[in-house]
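# Overview (structure and organization)
Letter by letter, the chains look like this.
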Amino acid sequence: MSEVMVKGGGASGASAGPPAASSAAGGGATAATQSEPDMKGWLLKWTNYLKGYQKRWFVLSKGVLSYYRNQAEMTHTCRGTISLHGALIHTVDSCTFVISNGGTQTFHIKAANEVERQSWVTALELAKAKAIRAMESDEEEEDTAANTIPSEELNLVVRELTVRLENLKTCYDLITKHGSALQRALNELESGEDLPNKTKIVSERATLFRISSNAMINACSDYLQTAQTQGHKWSKMLQHERDQKLHLEEMVEQLARQHSHLEQAAHRHRPNATTSASDDEDNEFYDAQEEGGSVASQEDSSFILKIPVAHHHHHRRNSNDATGSSSEGEDGNSETQQVLVVTDNLDNMDVTDRISVNSSQALTPTLSNNNQSTKVARTRRLRVPDKPNYPLNLWSIIKNCIGKDLSKIPMPVNFNEPLSMLQRLTEDFEYSEILDKAAQCKDACEQLAYVTAFTISSYSTTSNRTGKPFNPLLGETYECDRTDDLGWRCVNEQVSHHPPMAAQYCEGRGWRCWQEFTMTSKFRGKYIQIVPLGYAHVEFPATGNRYTWRKVTTTVHNIIVGKLWVDNHGDMEIFGEKSAKGVKCHLKYLPYSYFTRDTQRRVKGVVMDNASQVKWVINGTWDSKIEIAPVTSTSGSAENPVFKTGNYKTAWNRRLPASDCEKYYNFTTLACQLNEPEPDVAPTDSRLRPDQRLMEDGKWNESNGEKLRLEEKQRARRREREAEAEKAAAEGRPYPPYEPVWFDKRKEDGTDQLVHVFKGTYWDAKAKQDWSKSPDIF
């Protein structure tokens, strides 16, 4: 991440007035200045690598905010940019505002005064609105652009047809004129006076009318001939383009299939591979583990792990973020330490230690643990209607979307599952009993070990769930109150549309959890990659311990051909805060490999105390089981330590879904209950989405129609806000940006970062059934 601090004003002798609106000389590498820029001016920028403020020249042009060392650099070197179409713009105080593109770059800017700050914020908001409109317009025209005839040839044909059309109009005017004259002559002929002279006039008029009619017929023939000639030519060109396109698609699919066969061959020759039982060329190898297998074998319980020995900072809220460096080359310490973990006394493992903290009755109704202990849990459904068989070629839909953000691809519901992303986020708490166990831990390191197991458990459903959740509408909410049986309740709200961002708050037995979820995603042809950008937090009020993490990358493979399968991979850092400050966990999700001897879908990691000493070991697979063990002794050198662990105990064990779950989207029991109709929810609740409900009922054609209607309604609301913002800017008054209903943007302590904090008013509003603040989105 590149995060910079900018303050208004110039260096000594530099102009520090309001940003100019005149044209800048030259053109930047990123912010082209051929046309008039929206804003430009001097500001002071905090550079992490120099640890100080430096004067910089900022230019806002064509929906991109760029900065340079000085004006002269605009001809050759751009120091950093943020594209505004997906940016978040926050006002912190009277002079300070923050611009972020969702996680990879953040600019902190402080203007000299409130007027200057407002002028920049207004210009940035308007530029963002224009960039979004331009992006959507380009996407709408993209489908027709592939078959467009070259502009020069098209212009020639249009000019020729225009000339012939003008000839037709001239002939029509002549026929009208001579026809009227002929009619008058015929009327005069009826009077019977001076018949020879009048007969001569009628003959002349009829001759002119006949000549004009012949000219009209000839002009029509010429026009028709030209149109037919060009139409035949265009038809041939179009057919050629279609043939070329189909040929290219066949080549791509053939390459994908050959690639799949090579992967299968590589897997069959891998030393620890399992021979495939199928010879069907269309069956892609799917790297599923045997369900429920233990990882606590002597081979798997001992492993080598590289952990970072130093980080810039623990959290993205600091100005010099641990996840990246500044665009001007901030130094980063990537030094790692290799550690060896071995298990001691594995054969004497206490069986009771291996019992999972999540019992089989986790989703079985129980009595509430609060004062209203007599309340009996409601009976909930155990499945949803079967998925209808509507075959559709995914490649035919997304072949023109390579490189685009997944959230902006207009997909039909055929590739969705009947759940919103807000509901999918709620599935993170399917194994909330792990947090219940963590809340009982007195030791922060052991508590973090259970928190780590909880973060891993949220990936268990991705192993066989390849359906795309519905993109929430701006202002859409989802509540899930399971205090009567699972002991927790949560509220989710879509708080931003560009970029898409959801805020979530959940409270349970001795813990509370919240997160801002946003992501970037790209379709790369054979796979789709999803990179989460938001951070999640869990806090235990009894001890004041808080832990923060960000999710790892998820990749969906075999988009074109073969069976879809999902892999989660990357490094995850979980940091302790407040009372647990200094405690941390380094976790590694191993990417799928055909040649590794490691167990596939393997996750391994270590928990360290505030002295960076390893205290607990994490080991398992993200789709089956996670086991944890305390470190009993340390040996080896400081550079290559060896940690011996005690007995492993199971911190999480996956509950397998029903055997026929493939018939209904591979849903777990909790997933089946998330969209179950429930009374008294907010009118913006995901359960009330008509397109999602129609899809669950198997009415996919009607669902697609409703989906288009809702998306157009959302665009219309956005256009209204943009028009109001432009009007306010023209009148010189501020226009308040969109504000969520149940979450509030607040400044974090010690930083300029704004985060969405739950207001705590939702459950009171539900009790009173006061939904007056809820917008009309459905």
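Notes on the structure follow. (Residues numbered from 1 in each chain as written. Predicted model: local features only at pLDDT ≥ 70, side-chain atom pairs only at ≥ 80, totals over all residues. Heavy atoms only, no water.)

### Side note on the overall build of the chain
Scanning the chain from N- to C-terminus turns up 12 helices and 30 strands. Residues counted as buried form 50% of the 778 residues belonging to the chain. Here the chain displays about 36,200 Å² of accessible surface, and carbon together with sulfur accounts for 51% of that area. (Helix = DSSP H or I, 4+ residues; strand = E, 2+ residues; numbered from the N terminus. Buried < 20%, exposed > 50% of the residue type's maximum accessible area, 1.4 Å probe, protein only. Areas by Shrake-Rupley, 256 points an atom, 1.4 Å probe, with all protein chains shown as cover.)

### Overview of helix α8 (residues 444–457)
For α8, which comprises 14 residues, the first-to-last C-alpha distance of 20 Å matches the rise-based estimate of 20 Å (1.5 Å per residue) to within 8%. Within α8, 14 of the 14 residues are buried, which leaves it mostly tucked inside the rest of the structure. The N-capping residue of α8, defined by a side-chain oxygen 3.2 Å from the backbone nitrogen of Cys445, is Asp443. (Expected span 1.5 Å × (residues − 1). Polar contact = N/O pair within 3.5 Å; in protein donor to acceptor, adjacent residues only side chain to side chain.)

### Digging into the pairing of strand β16 (residues 511–517)
Extensive coverage of β16 is indicated by the burial of six of its seven residues. Of the strand pairs in this sheet, strand β15 (residues 501–508) and β16 are connected by seven bridges, and their pairing is antiparallel. Looking across to β16, one finds that Tyr505 is bridged to Trp514. (Pairing = 2+ DSSP bridges.)

### Regarding the packing of aromatic side chains
Aromatic rings in a pair are described by how distant their centres are and how their planes are angled relative to each other. Counted under the stated rule, the structure contains 17 aromatic pairs. Ring geometry for Tyr459 versus Tyr589: centroids 5.4 Å apart, planes at 70°, classification edge-to-face. Of this pair, Tyr459 sits in the loop between α8 and β12 (468–470) while Tyr589 sits in strand β23 (residues 584–589), placing them 130 residues apart in sequence. Assessed through its relative accessible area of 4%, Tyr459 is described here as buried. Centre to centre, the rings of Phe743 and Phe758 are 5.4 Å apart; their planes meet at 55°, and the pair counts as tilted. You can see Phe743 sitting in strand β29 (residues 743–747) and its partner Phe758 sitting in strand β30 (residues 754–758), a full 15 residues away along the chain. Here Phe758 falls in the buried class, since its relative accessible area comes to 13%. (Phe/Tyr/Trp six-rings, centres within 6.5 Å; stacked < 30°, edge-to-face > 60°.)

### Some thoughts on the pattern of salt bridges
The tally for this structure, following the rule as stated, stands at 39 salt bridges. The residue Lys707 makes a salt bridge to Glu711 at a minimum N-O spacing of 2.8 Å. Remark: Glu711 and Lys707 occur in helix α11 (residues 700–730); sequence separation between them is four residues, near one turn of the helix. Connected via shared salt-bridge partners are Arg378, Glu479, Glu676, Glu678, Asp685, Arg687 and Lys766. (Salt bridge = Lys/Arg side-chain N within 4 Å of Asp/Glu carboxyl O.)

### With respect to unusual backbone geometry
For residues that are not glycine, phi is negative in most cases, and the peptide bond is trans in most cases. For the bond from His498 to Pro499, the omega torsion is -5°, close enough to zero to count as cis. Along the chain, the position of Pro499 falls in the loop between β14 (488–496) and β15. Phi is positive for Ser612, close to 65°, though the residue is something other than glycine. In this fold, Ser612 is placed in the loop between β24 (602–608) and β25 (614–621). For Ser612, a relative accessible area of 41% puts it in the partly exposed group. In the Ramachandran plot, Asn666 falls in the positive-phi region, its phi being about 60° despite a non-glycine side chain. You can see Asn666 is positioned in the loop between β28 (649–653) and α9 (669–674). Look at Asn666 and you get buried, because its relative accessible area is 16%.

As far as function goes, none of this settles anything; it's purely spatial.
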